[in-house]
Amino acid sequence: MLATLSDERIAYLEGLVRQARTAAAVFTQCTQEDVDRIVKQMVLAGLEQVQYLARLAIEETRLGVLEDKVLKNMVATEFVYNYVRDKRTVGVIREFPERGLIEVAEPIGVIFSLTPITNPTSTVLFKCIMAIKTRNAVIFSPHPNAWRCCYEAVRIMYEAAVKHGAPEGVFTCLEAHDLQDNAYLMRHKDVGLIDATGGPGAVKAAYSSGKPALGVGSGNTPVYLEKTADPDMAVVDIITSKTFDNGTICASEQTVVIDDEIYDLVLKKFADLGAHICNEQEAALLARTVIDPATGFMQPLVVGQKATDIARAVGLSVKPNAKLLIAPIQGVGREHPLSAEKLCPVLAVYRAKSVDEALRVCVDVNHAGGLGHTAVIFSTNDDIIRRFSEAVNAGRIIVNSPGSIGALGGVYNDMVPTFSFGCGTGGGNSTTDNVNVYHYLNIKRVARRIPAHMWFRIPNQIYFNMNAAENLRQFASRSTVLITNPALEQMGLVDIVRRYLPEQTPLHVSVIPDAEPEVKVVLEGVETLNLFRADQIIALGGGSVIDAAKIMKLKYESPQADLEELAAPFLDIRKRVVQYPTEKVNRARLIAISTTSGTGSEITPFAVMFDKQSGRKVTLADYSLTPDVAIVDPQFVMSMPKGLTADTGIDCLTHGLEAAVSIYASPYTDCNALQAIQLAFKYLPIAYEHPHDEEARTMMHNAACIAAIAFANASVGVNHALAHAFGARFRVAHGRANALMLPHVIAYNASVPTKFMPSPNQRAYSAHKKYALIADLLGLGGSTVEEKVKKLITAIEQLLDQLAFPRSIAELGISREEFERAVPDLVKIAFDDPSWRTNPRMPLLKELEGLLWSAYEGRPATQHASRERTA
Amino acid sequence: MATIAVMFKIDGEGVAPALQQAGERLDKANGHAVLDFSTVRRVDPAALSAMQELAATADGRGVKLALRGVNSDVYKVLKLAKLASRFSFLS
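Residues numbered from 1 in each chain as written. Chains lettered and ligands numbered in written order. Predicted model: local features only at pLDDT ≥ 70, side-chain atom pairs only at ≥ 80, totals over all residues.

(A) Region of the structure containing the overall build of chain A. Helix and strand counts for chain A come out as 29 helices and 23 strands. For chain A, the spread of C-alpha atoms along the principal axes amounts to about 115 × 65 × 50 Å. Burial analysis of chain A (871 residues in total) assigns 53% to the buried set. Here the analysis covers contacts within chain A between residues at least 6 apart in sequence; of these, 76% occur between residues at least 24 apart. (Helix = DSSP H or I, 4+ residues; strand = E, 2+ residues; numbered from the N terminus. Buried ≥ 20, exposed ≤ 12 C-beta atoms within 10 Å, placed from the backbone. Contact = placed C-beta atoms within 7 Å.)

Laid out in structure tokens, this is it:
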């Protein structure tokens, strides 16, 4: 098709584009004040000429009503101006300081704009104002049968604009053009946007061009006149709208679906106000004239004609002042031609026996050529209005007002004034909006870095030091269930707790296996809680018992909690998909008394379950899991065996180290993490070597809790992810698994990451510096960061040797072949583990594998190496 | 051998005439000419047209044109008007 354009024609079109491009380029230098001044003067110039332009339009197109076209021109200038006058469209247009966001306007450049025959001058006026307000240049391509009036409208706007500072060439109007010109310009590389207000062919061509396009779809507006509506208002509104400019606005009413109860009354009111109600024979005649039987679409000749002229053409005898021809129809579709769009004062009506039938017919009309456009309802029943708005697919749903003038916006409602109705995907358009200045802009968003909001959450009450359990006396309870494991019960720890409880407290002891809780154990515990209608749960034990109690409490209070779902992975606890239940059928206070010095479970929001079926540990994490009261009383750990002392102590140290370098680390967590590390370095060897040293036990017990305070808020890292995976697979104690990974993970985190972890709160990679700071606090020496990190690793290795930890996984008796077989799974499981999400360095799968192998091969012996270890 | 460019000061209040004058004196340029835009705050379509002509004249005479002191607003206009590639830019 383009090949048929002559060289001269191409040169002409290229000239138009060049001129517009230059104008648009120059226009970018104008300020908001410049464009606002120009727009105001254009609007005033347009208002001066509204009647002149309306008259030109009528003379040229022979469509519509002069008075209505004047009104449309006024809406296109005054109402549009009223909407845009205070809008910022140059430079910074909106600011959201609390979100760190600024929106900056960028003009589109050259817009190629098609304008219709039905609203020719008003559409031009509207688009000129939008273009100047947004600093764009426009090449207009008016409908060939409305070219002269459009050209005049462009000229009036152009002269006013240039006179007041717009660049020359900002508007041009294609002369003596045809579809080939349009096709050429639609595909031109320098045209930034096509704004096609026209028939379906033009809109389709615009969207097919491959250019960004605004196009309006055709309409077929259904109206539901529901029995609760004010019939007087509805009838007047419909007549006003449908006869406005002889029905040329594509949002005007096409088929009115009327409830049976008011149908006759409404038709009588229409007739009283000048409508002609057709009988069956007249309706059939009208259908044949108004709708082309071959296509099912309206005949172009009837568009915008008076009702009396159409009646005359059909051969109907109507009163000389008939405003509207109303034809009853019995259905929607090709067999009922008048259910199609009719841009003239011809209206179909349908009698509906029920709300459901009415809604069905409205939907049918909407789908018969009007998808995405406009629908109208008259009703005072909010529920029916809602049902209607959900049923129809329309960008504009006009309530108790005229469709055509209502859809234009700004007169009967607060919608944006427009002469271009976006019809969404239903109408093959990119928007359902009333097209406005914001569609003529590229909006750039300047997004400043904002630190993520952080938090610091711990239990309301923490009691620590020797005999802290005395504080149990203050907690009144009608029924308390104590959860513990067999060994602790045998050791008499339950009796200690019993002594501290208020005398009248009924205490029921539930003993669970000494292992990470399985679902079965949790559910049995919930049964116990229900049986005794517990209002207080005391968890007496290490991490496994306390974790079990947390999950039992969760299921007891919220039986609907789905543990599998709650264990779903997440990246950021604040944005997680799954929310923990807040509705509770029971309430119980959870008091956690830790009997080991490591997990910190007494104050953390985490609980680890063992999934027997998959052989994996499942971590639940939510602050609702945090115990209400934590008791950190060293009398419960004085008899901890050496092995357990070492394992849990290293777990505590790992918590502190991982929390310190976490991407969630904050001044609130750092102080706790660093304090815990110092305490662990000082007191863990003493507690290990001298189990009865009360001070060492006390300080290690506190260190575990303090480290937990840090990691409950900053979380942990890769070390824990690997330890969870490895520990579960080979049934190795958690602390020992941590110890096997720890030196390797510190070296890994202290080196330059292959991949950085996205973290708005970290200004630079600082893990190595944090490790160096820790080395300084421990007085390890070294003059550079690198040296200090090395000294820290050596100190940890010495500590591990002092505590008689194995130096490698191989030392545990796991063969290379067995380990090699396990590694792929371990890597997958570790990568699924939420623990590493806060690691300073984002681990690659290959790197996790490398770390596992480093742990397998092991670390060198230190001078503190000791091979003695007793359980 | 080093060449010395001829410098044309472009008046910010009359960009198009200044460019036309520069075009007339382009013969004096020994293969290189510098247009000093440091006082030019804005350009209009006439200035762009003059720049286009000047670039064409310079091409015809084998003169390389450089613009000095172009502010970011004017540079953006030249870019959008597809004229930026006709010149080199000096700080």
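That covers the picture; the talk isn't over yet.
(B) Looking closely at the overall build of chain B. In terms of regular secondary structure, chain B is built from three helices and four strands. In sequence order, chain B lays out its α and β elements as β-α-β-α-β-α-β. Relative to the compact-globule value of 12 Å for 91 residues, chain B shows a C-alpha radius of gyration of 12 Å, a close match. Referenced to the eigenvectors of the C-alpha coordinate spread, the extents of chain B come out at roughly 35 × 25 × 25 Å. Taken across its 91 residues, chain B has 33% of its residues classed as buried. Pairs at least 24 residues apart make up 79% of the contacts formed inside chain B by residues separated by at least 6 positions. (Rg over C-alpha atoms; globule rule 2.2 N^0.38 Å.)

(C) Structural context of the sheet that holds strand E10 (residues 275-277) of chain A. Residue and element names in this part refer to chain A. Read across the sheet, seven strands follow the order E10-E11-E12-E9-E8-E13-E14 without closing on themselves; strand pairing throughout is parallel. Taken across any chain shown, the strands that pair with only one partner, and hence form the sheet edges, are E10 and strand E14 (394-399). Direction aside, neighbouring strands of the sheet carry axes that sit 25° apart on average. Note: E10 against strand E11 (residues 324-328), three bridges, orientation parallel. The residue bridging Ala275 from the neighbouring strand is Leu324, located in E11. Of the strands in this sheet, strand E8 (221-225), strand E9 (253-259), E10, E11 and strand E12 (346-352) touch helix H10 (residues 260-272), which is tilted by about 130° from E9. (Pairing = 2+ DSSP bridges. Axes fitted to C-alpha atoms, helices over the stretch in contact; angles between N-to-C directions.)

(D) Structural view of helix H1 (residues 7-27) of chain A. Helix length check: H1(A), at 21 residues, gives a terminal C-alpha distance of 30 Å against a target of 30 Å (1.5 Å per residue), a fit within 8%. All of the buried residues in H1(A) are Leu16(A), Val17(A), Gln19(A), Ala20(A), Arg21(A), Thr22(A), Ala23(A), Ala24(A), Ala25(A), Val26(A) and Phe27(A). Residues of H1(A) that are buried sit in contact with strand E2 (101-107), strand E3 (110-115), strand E4 (137-142) and strand E5 (171-173) of chain A together with helix H2 (45-61) and helix H3 (72-80) of chain B. (Expected span 1.5 Å × (residues − 1).)

(E) Just the pairing of strand E22 (residues 616-621) of chain A, in detail. Residues and elements named next belong to chain A. Alignment of strand E21 (residues 606-611) against E22, held across six bridges, turns out to be antiparallel. Bridging from a neighbouring strand, Phe606 pairs with Ala621 of E22. Joining the antiparallel neighbours E21 and E22 is a turn of four residues, in which Gly615 adopts a positive phi near 70°.

(F) Structural context of the nonpolar core. All names here are of chain A. Residues Ile129, Met157 and Val257 are the most contacted members of the largest nonpolar core, which totals 180 residues. Per element, the largest residue contribution to this core is ten residues, and it comes from helix H6 (residues 147-163). Inspection of this core shows a minimum of three residues originating in each of domain 1 (2-215) and domain 2 (221-419). If we ignore the near neighbours within four places in the chain, the residues touching Val257 are Pro222, Val223, Tyr224, Leu225, Tyr350, Ala352, Ala358, Val361 and Cys362. (Core = buried A, V, L, I, M, F, W, Y, C linked by C-beta atoms within 7 Å. Domains from an automatic or database assignment.)

(G) Spatial organisation of the environment of Thr121(A). Residue and element names in this part refer to chain A. In this fold, Thr121 is placed in helix H5 (residues 120-133). For Thr121, a count of 33 C-beta atoms within 10 Å corresponds to the buried category. When near neighbours in sequence (up to four residues on either side) are disregarded, Thr121 contacts Leu53, Ala54, Leu56, Ala57, Asn73, Cys149, Cys150 and Ala153.

(H) Structural detail: the interface of chain A and chain B. At the interface, twelve residues of chain A touch ten residues of chain B. A breakdown of the residues in the side of chain A that touches chain B according to their chemical character gives five nonpolar, five polar and two charged. (Nonpolar A, V, L, I, M, F, W, Y, C, P; charged D, E, K, R; others polar.)

(I) Structural view of the pairing of E8(A). All names here are of chain A. With five of five residues buried, E8 is to be regarded as a mostly interior element. Here E8 shows a buried face lined by Thr221, Val223 and Leu225 and a second buried face lined by Pro222 and Tyr224. The pairing of E8 with E9 spans five bridges and is classified as parallel. Paired with Pro222 across the strands is Thr255, a residue of E9. With respect to chirality, the unit in which E8 leads through helix H9 (residues 231-243) into the neighbouring parallel E9 is right-handed. Relative to strand E13 (residues 372-378), E8 is paired through three bridges, and the arrangement is parallel. The partner of Leu225 across the bridge, within E13, is Phe378. (Right-handed = clockwise from strand over helix to strand, strands pointing away.)

(J) Quick peek at the sheet that holds strand E7 (residues 213-215) of chain A. Residues and elements named next belong to chain A. Spatial ordering of the open sheet is given by E5-E4-E3-E6-E7, a layout of five strands whose pairing is parallel. Across the chains shown, the open sheet's two edge strands, defined by having one partner strand only, are E5 and E7. For this sheet the average axis-to-axis angle between neighbouring strands, irrespective of direction, equals 15°. Packing against the sheet, H5 makes contact with E3, E4, E5 and strand E6 (193-196), and its axis sits at approximately 165° to E3.

(K) Inspection of the packing of helix H3 (residues 50-61) of chain A against H6(A) at higher detail. Residues and elements named next belong to chain A. In the contact formed by H3 and H6, the axes pass within 8 Å of each other and the chain directions differ by 160°. Here H3 is positioned roughly antiparallel relative to H6, judged by the angle of their axes. Here H3 and H6 pass one another in a crossing that is left-handed. Taken together, the residues of H6 that come into contact with H3 (itself represented by Leu53, Leu56, Ala57 and Glu60) are Arg148, Cys149, Glu152 and Ala153. Residue classes in the contact of H3 with H6 are distributed as five nonpolar, no polar and three charged. (Parallel < 35°, antiparallel > 145°, perpendicular 65-115°, else oblique. Left-handed = near helix turned anticlockwise from the far one by under 90°.)

(L) Structural view of the domain arrangement of chain A. All names here are of chain A. Looking at chain A, the domain boundaries give domain 1 (2-215), domain 2 (221-419), domain 3 (459-636) and domain 4 (640-871). Between domain 3 and domain 4, the C-alpha centre-to-centre distance is 26 Å. Looking at which element gives the most residues to the side of domain 3 that touches domain 4, the answer is E22, with four residues. Of the residues assigned to the side of domain 3 that touches domain 4, the class counts are twelve nonpolar, nine polar and three charged.

(M) Helix H1 (residues 15-24) of chain B, seen in detail. All names here are of chain B. Turning to H1, its buried residues are Val15, Ala18, Leu19, Ala22 and Gly23. Buried residues in H1, looked at end-on, bunch into an arc of 145°, giving them a common side. Looking at the packing, one finds that the buried side of H1 touches strand E1 (6-9), strand E2 (32-36) and H2. (Arc of directions from axis to C-beta.)

(N) Structural view of the environment of Pro506(A). All names here are of chain A. Its location among the elements puts Pro506 in the loop between helix H17 (493-500) and strand E18 (507-511). The exposure class of Pro506 is partly exposed, given the 13 C-beta atoms found within 10 Å. The spacing of Pro506 and Arg478 is 28 residues in sequence and 6.6 Å in space, taken between C-alpha atoms. Excluding residues that lie within four positions of it along the chain, Pro506 makes contacts with Ser479 and Thr480.

(O) Structural context of the confidence of the model for chain B. Across chain B, the average pLDDT comes to 91, with 96% of residues at or above 70. Both confidence scores are given for the complex: pTM 0.83, ipTM 0.85. (pLDDT = per-residue confidence, 0-100.)

(P) Broad picture of unusual backbone geometry. Residues and elements named next belong to chain A. Positive phi values are uncommon outside glycine, yet Arg62 reaches one of about 60°. Notably, Ser715 is not glycine yet its phi reads approximately 65°, a positive angle. Inspection of the secondary structure puts Ser715 in the loop between helix H23 (694-714) and helix H24 (718-730).

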